[in-house]
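Structural features, examined
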Amino acid sequence: QVQLVESGGGLVQAGGSLRLSCAASGLTFSNYAMGWFRQPPGKEREFVAAISGSGGTTEYADSVTGRFTISRDNAKTTAYLQMNRLKLEDAALYYCAATPALLRGTFFRKSNFYANWGQGTQVTVSS
């Protein structure tokens, strides 16, 4: 059924950029809001960004606002996370998630809002 596959992770120097991709299948992509979460080593999984099904609404964690951009291409059934001016604290395992729900309140910031998850892609930031 629903499958999400992240790609684009890797090693980047602090101050650099990286773009993550999340290819979706098994769902009517435009009906799903998409989210990105990350889990640094030894820490809890945290919200990074979310985008509505149409792409008309985006939300960001305060820690990444102005540096990261979430987007989607519904024709390609793919969501993206453009990460600029990366910091050491951005290093984490990044997960893509999907939910057939509207973005509302603060629920989109919680992991349990999303029913479907990718396997994760590692982002390593070096000094």
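For the structure given in this document, a descriptive report is provided here. (Residues numbered from 1 in each chain as written. Predicted model: local features only at pLDDT ≥ 70, side-chain atom pairs only at ≥ 80, totals over all residues. Heavy atoms only, no water.)

Take the environment of Ala49 next. Among the secondary structure elements, Ala49 is positioned in strand β5 (residues 46–51). The class for Ala49 is buried, based on a relative accessible area of 0%. Counting along the chain gives ten residues from Ala49 to Glu59, while the straight-line C-alpha distance between them is 5.4 Å. (Helix = DSSP H or I, 4+ residues; strand = E, 2+ residues; numbered from the N terminus. Buried < 20%, exposed > 50% of the residue type's maximum accessible area, 1.4 Å probe, protein only.)

In this structure, Met34, Leu81, Met83 and Tyr94 are the most contacted members of the largest nonpolar core, which totals 39 residues. For this core, the secondary-structure elements that each account for two or more residues are β3 (18–25), β4 (33–39), β5, β7 (68–73), β8 (78–83), β9 (92–99) and β11 (121–126). Those residues in contact with Leu81 that lie beyond four places of it in its chain are Leu18, Arg19, Leu20, Trp36, Val48, Ala49, Phe68, Thr69, Ile70 and Tyr94. (Core = buried A, V, L, I, M, F, W, Y, C linked by side-chain atoms within 4.5 Å. Contact = heavy atoms within 4.5 Å.)

By the alternation rule, side chains of strand β1 (residues 3–7) split into Leu4 and Glu6, which are all buried, and Gln3, Val5 and Ser7, of which none is buried. Across five bridges, β1 lies against β3 in antiparallel orientation. The residue bridging Val5 from the neighbouring strand is Ala23, located in β3. (Pairing = 2+ DSSP bridges.)

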